[in-house]
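A structural walkthrough
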Amino acid sequence: MTGDSPSTEQASQQPKLDITVPHTARVWNYWLGGKDNYDADRRLGDQIQALIPDIVTSARADREFLGRAVTHLVGEAGIRQLLDLGTGLPTAANTHQVAQEIAPDCRVVYVDNDPLVLVHAKALLTSSPEGATDYIEADVRDPGTVLAGAAETLDFTRPVAIMMLGILNFIVDDDQAHDVVRRFLDAVPPGSHLAIAHPTGEVNGDAAQRAVDMSNEAGVAPMCLRSREQLAGFFEGLELLEPGVVSCSRWRPAVTEAGGGLPPEVYQFCAVGRKP
């Protein structure tokens, strides 16, 4: 990493930005090798990595799951509309890039409520000429506002892929989290899909919980871990795609370990389901 922060011009556009408090999107950006992070983010990232040495592997596995899930949704399920909730900072192989490389007419709406994320999204996440990309500054806990904004780009009479990667863990109340998921699913027709990735204590649970506690104490938005069974509960009423709720590294991996075995499990679990 070089430099103390992103460009002065970007920072000046964001009066709400507090660089003294770490932010999860910027911590993940640090783990993924990006430059859009600050000292506070790097300090917390290093502290969590001291607890969980393979956290960078987990972050990369989460990103790779996004690519494989979108490839399935667009290439095999025929989805042409995606609603990406909790965009995060753009890196390589973003949702619209993966989707539009397969089907250039895909329409993608990104949603986030972090000022730095939105500046980068508007600057970097540009659509193919045949498709469309839009960005909404909103909180996923307010589905009505999100859906109203997304309806300017997406046709909710046609199937939509709802992407909730690394976002439900910030809705720590289980009833509220289920209500949010249900409201988004109620808004889309049969043939739509739901993809979730979520940190879990299924792998080295004590260290994972200590890392969450450390993050919460550092002033990052409160977050939680959920078990495999809790994650499966979000897919109630959906057709859960094989292999079900698994580690992100094990959801239809592109490569297997030597001898044909599955890759090691990581701290992010995931699943994809279809609305019948």
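All of these numbers come straight from a predicted model, not from anything done at the bench.

Below, the discussion takes up the overall build of the protein. Along the protein, the regular secondary structure elements total 10 helices and eight strands. The long-range share in the protein, meaning contacts at least 24 apart out of those at least 6 apart in sequence, stands at 74%. Working note: accessible area of the protein is about 12000 Å², and carbon and sulfur atoms make up 49% of it.

If you trace the backbone, aspartate 114 turns up in the loop between strand S2 (107-112) and helix H6 (115-124). In this structure, the C-alpha to C-alpha distance between aspartate 114 and histidine 23, residues 91 residues apart in sequence, is 9.0 Å. When residues no more than four places from it in sequence are discounted, the contact partners of aspartate 114 are His23 and Arg26.

To continue, consider the packing of helix H2 (residues 24-31) against helix H3 (residues 39-51). Interhelical geometry of H2 versus H3 gives an angle of 65° and a closest axis separation of 9 Å. Accordingly, the angle class assigned to the pair H2 and H3 is roughly perpendicular. Handedness of the crossing formed by H2 with H3: right-handed. Counting all contacts with H2, which are made through Arg26, Val27, Tyr30 and Trp31, the residues of H3 involved are Asp41, Arg42, Leu44, Gly45, Asp46 and Ile48. Looking at side-chain class alone, the contact of H2 with H3 contains five nonpolar, one polar and four charged residues.

Attention now goes to the pairing of strand S1 (residues 81-85). With respect to burial, S1 is a largely interior element, five of its five residues being buried. Side chains of S1 alternate between two faces, with Gln81, Leu83 and Leu85 and Leu82 and Asp84 buried alike. Pairing geometry for S1 and S2, over five bridges, is parallel. Considered in S2, the bridge of leucine 85 is made with valine 111.

Tracing the backbone through its elements, the reader meets aspartate 62 in helix H4 (residues 55-75). One buried charge, aspartate 62, has no salt-bridge partner; the nearest side chain with opposite charge is arginine 63, at 6.2 Å. With near-sequence residues (within four places) excluded, aspartate 62 lies in contact with Trp28, Leu165, Ala197, Cys248 and Gln268.

Counting 51 residues, the largest nonpolar core has Leu83, Leu85, Met164, Phe184 and Leu194 as its most contacted members. Among all residues touching phenylalanine 184, those that are not within four sequence positions of it are Leu83, Leu85, Val140, Pro143, Val146, Leu147 and Ile162. In terms of nonpolar packing, the next biggest core, distinct from the first, is built from 35 residues, Ala61, Val108, Tyr135 and Ala197 among them.

The subject of this paragraph is helix H9 (residues 205-217). With 13 residues, H9 ought to run about 18 Å at 1.5 Å a step, and its terminal C-alpha atoms sit 18 Å apart, in line with that. Buried within H9 we find Ala207, Ala208, Ala211, Val212 and Ser215. Projected onto a plane normal to the axis of H9, the buried residues spread over an arc of 140° and lie on a single side. Along H9, exposed side chains directed more than 90 degrees from the buried face belong to Asp206 and Glu217. Contacts made by the buried residues of H9 are with H3.

Rules of the game
Residues numbered from 1 in each chain as written. Predicted model: local features only at pLDDT ≥ 70, side-chain atom pairs only at ≥ 80, totals over all residues. Heavy atoms only, no water. Helix = DSSP H or I, 4+ residues; strand = E, 2+ residues; numbered from the N terminus. Contact = heavy atoms within 4.5 Å. Areas by Shrake-Rupley, 256 points an atom, 1.4 Å probe, with all protein chains shown as cover. Axes fitted to C-alpha atoms, helices over the stretch in contact; angles between N-to-C directions. Parallel < 35°, antiparallel > 145°, perpendicular 65-115°, else oblique. Left-handed = near helix turned anticlockwise from the far one by under 90°. Nonpolar A, V, L, I, M, F, W, Y, C, P; charged D, E, K, R; others polar. Buried < 20%, exposed > 50% of the residue type's maximum accessible area, 1.4 Å probe, protein only. Pairing = 2+ DSSP bridges. Lys, Arg positive; Asp, Glu negative; His and termini not counted. Salt bridge = Lys/Arg side-chain N within 4 Å of Asp/Glu carboxyl O. Core = buried A, V, L, I, M, F, W, Y, C linked by side-chain atoms within 4.5 Å. Expected span 1.5 Å × (residues − 1). Arc of directions from axis to C-beta.

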